[in-house]
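Single-letter residue listing:
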Amino acid sequence: MSSLIDGTRSRPASARPGRGRTGGGRVGGGRPAPNPDLARKLLTVAFRPSGLTMLLIAAVVVVTLVSASSDLTGTFGAIATTWLVIHQVPATISGVQLGVLPLLPTAVMMWVVARRCASTAVHTDSRDDTLRLVGAAVAGPLTITAIALAVVADASAAIPLSSPNTLAAFGWVAGIHLVAASVGVAAAHWDRVVAEIPPWASAAVRPATAASAALLAAGAVAVVVSLLVSWSTVGDLLARGNGFVGVLGLTVLSLLYLPNLVVGAAAVMTGSTADFGNVSISVFGNIGGDLPPLPLLGAIPEGVAGGIWPILLIVPAAVGVMLGRDCARRIAGQDSVLAVLTAAAGAGVVMALLALAAGGDLGQFGTVEVLWWGFGLLTFAWLGLFGTVSALFSMWFSHRGHMKDEVAPPEAEPARTSEPELAITAAATPEEADENTDEVLAQESAVVVTKVVEAEIVEEPGEPVQVVTEETVEIEVVDAEVVAAPETDPAAGPETESGPETDLPSKPQESSD
């Protein structure tokens, strides 16, 4: 009988109405399934960024092959390989492994995925929907990756292209999209995330982001300055393009690899080393060697052998001071030190991951790498040390300021005289009363409130005064009328205390008798 009431007997499982806000059924008697609207959004998150990326890759590959006057035999293989390259999966062409892959396309794709997940996460309130969103953001690219691996394996028979490591391919794709989706969801539900973590941990997020951005910005400035100083070398390398198409290709390739060089410059500023095959770069000295003919590598300085270059170590120290001050402003007390150490650790992890992604094998030129674990540890050391000192100084100055406020005497109030403040109201003279006899005033239900602030006694002989102490006087006038006062006879006797009644006739009346 109960099954007939709730309708579960007459409907299939997929048509049962759900419970709660999502309004979906239950999958396998467990968690509720998403409603159709949410399902469409999950499909959009899963395949829209990846589909747009594939379309853009296809356009670039076709234009490149046509510009190089090449046939379109290996078009699909090139498109699939480019998809894997964007996800930092090493590619093997003609037996030569290309492991140094540009970071700029990867960063742009992660930004697009994070934004898409953030805009969709606004409509998900439950934890299950959030997990479905992150799962969809990872599952869609993994599906395309499986197709790309199959296409590469099929194209390897026609073009000199080898299939990459399957486990590495799925690992890089899943990791990149998982990080991007998690960042987007966390940004959309930041209030909920803050409520579930300790205050010192939430206070460390923005300072860690700012410190990481500051280190990368310093590396970018160093690269730009080096490019300007070595502009003649850069121009000679661009001239090897032999025509507009070649120069354009070298310029685009240099721009794609610009973030890789920025990461290397930031690592050098912290005291780590960056290796390009036989070339080793450090603020304490260089080891020379051959470099690839890429115009961007003209920014690498020649003959750095100590000197004043260690002064660049001021950069991570200054970033650490900024980090400590920022954490001390966000949270007070000893928790600011915990926030500094947490932010320094987070920035160190980010720098290590970037260094790991920026390097790889470069065929005959050897290995291009930044000592990723050294970069991470040095970043944590610089930011943690100087950030802690800066936070302690900020705490000390703040405590000292509070102590001064407590010890300082209160401001003296202005002296008050012992004499009461009086308000003086003088009675009107007969002349003034005569002038106002022709005026008529009518007011209905009015309340007059007067507060005497300061008054002065003025003594004038012959005029009576009224003394009113400082207080609030409330006067309610219901209905008043002023008429001409009757002339008094000097011979008549004194008036009574209450005075003459104004509503009596002024002339004697004759008796009705």
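All of the points below concern the structure found in this document. (Residues numbered from 1 in each chain as written. Predicted model: local features only at pLDDT ≥ 70, side-chain atom pairs only at ≥ 80, totals over all residues. Heavy atoms only, no water.)

1. Some points on unusual backbone geometry
Phi is positive for Q88, which is not a glycine, with a value near 65°. Turning to its location among the elements, Q88 is positioned in the loop between α3 (75-86) and β1 (91-93). (Helix = DSSP H or I, 4+ residues; strand = E, 2+ residues; numbered from the N terminus.)

2. As for the nonpolar core
Within the largest apolar cluster, 47 residues are counted, with the highest numbers of intra-cluster contacts made by F276, L323, F375 and L383. Within the residue set of this core, elements represented by two or more residues are α9 (205-229), α12 (258-269), β4 (274-276), β5 (279-281), α13 (314-330), α14 (335-358), β7 (367-370) and α15 (372-407). When residues of this core are assigned to their parent elements, the largest contribution, nine residues, is made by α14. Counting 17 residues, the second-largest nonpolar core is a separate cluster that includes I57, I79, I144 and L149. (Core = buried A, V, L, I, M, F, W, Y, C linked by side-chain atoms within 4.5 Å. Buried < 20%, exposed > 50% of the residue type's maximum accessible area, 1.4 Å probe, protein only.)

3. Looking at the sheet that holds β4
Pairing within the open sheet is antiparallel, and its four strands lie in the order β5-β4-β7-β6. The open sheet is flanked by β5 and β6 (360-361), the only strands paired with a single partner. The pairing of β6 with β7 spans two bridges and is classified as antiparallel. Each bridged residue has a counterpart across the sheet, and for D361 the counterpart in β7 is T367. Contacts between α12 and the sheet are confined to β4, β5 and β7, with β4 contributing the most and set at about 135° to the helix. (Pairing = 2+ DSSP bridges. Contact = heavy atoms within 4.5 Å. Axes fitted to C-alpha atoms, helices over the stretch in contact; angles between N-to-C directions.)

4. So, the sheet that holds strand β3 (residues 161-162)
With antiparallel pairing, three strands are arranged side by side in an open sheet as β2-β1-β3. Pairing within the sheet leaves two strands with one partner each, and these edge strands are β2 (96-98) and β3. The pairing of β1 with β3 spans two bridges and is antiparallel. Each residue of the ladder has a partner; that of T92, found in β3, is S162.

5. Notes on the packing of aromatic side chains
With the rule as written, the count across this model stands at one aromatic pair. Centre to centre, the rings of W382 and F386 are 5.8 Å apart; their planes meet at 15°, and the pair counts as stacked. Residue W382 and its partner F386 are both found in helix α15; the two are separated by four residues, about one turn of the helix. (Phe/Tyr/Trp six-rings, centres within 6.5 Å; stacked < 30°, edge-to-face > 60°.)

6. Things to note about the pattern of salt bridges
Within this structure, the stated rule accounts for five salt bridges. Measuring nitrogen to oxygen at the nearest pair gives 3.5 Å for the salt bridge that ties D37 to R40. Residue D37 and its partner R40 are both found in helix α2 (residues 36-67); the two are separated by three residues, about one turn of the helix. Residues D129 and R132 are paired through a salt bridge, measuring 2.9 Å at the closest nitrogen-oxygen approach. In this pair, D129 and R132 both sit in helix α5 (residues 127-155), three residues apart, roughly one turn of the helix. Here D129 falls in the buried class, since its relative accessible area comes to 4%. Among the charged side chains, a salt-bridge network with shared partners connects D37, R40 and K41. (Salt bridge = Lys/Arg side-chain N within 4 Å of Asp/Glu carboxyl O.)

7. Some thoughts on a nonpolar patch on the surface
Judged by side-chain polarity, V349, L353, L356, L371, W372, W373 and L377 come together as a nonpolar surface patch covering roughly 710 Å² of accessible area. As for its position among the elements, V349 is in helix α14. (Patch = residues over 30% accessible without salt bridge, like charges linked within 9 Å, V, L, I, M, F, W, Y side chains within 5 Å. Areas by Shrake-Rupley, 256 points an atom, 1.4 Å probe, with all protein chains shown as cover.)

8. A few points about the pairing of β7
Alternating positions in β7 separate cleanly, V368 and V370 being buried on one face and T367 and E369 remaining unburied on the opposite face. Taken together, the three bridges between β4 and β7 define a ladder with antiparallel strand orientation. Within β7, the residue paired with D275 across the bridge is E369. Between the end of β6 and the start of β7, which pair antiparallel, lie five residues, with G363 showing a positive phi angle near 60°.

9. Some thoughts on the side chain of S50
Examined against the element boundaries, S50 turns out to sit in helix α2. For S50, the contacting residues outside a window of four places in its chain are W83, P141, I144 and H177.

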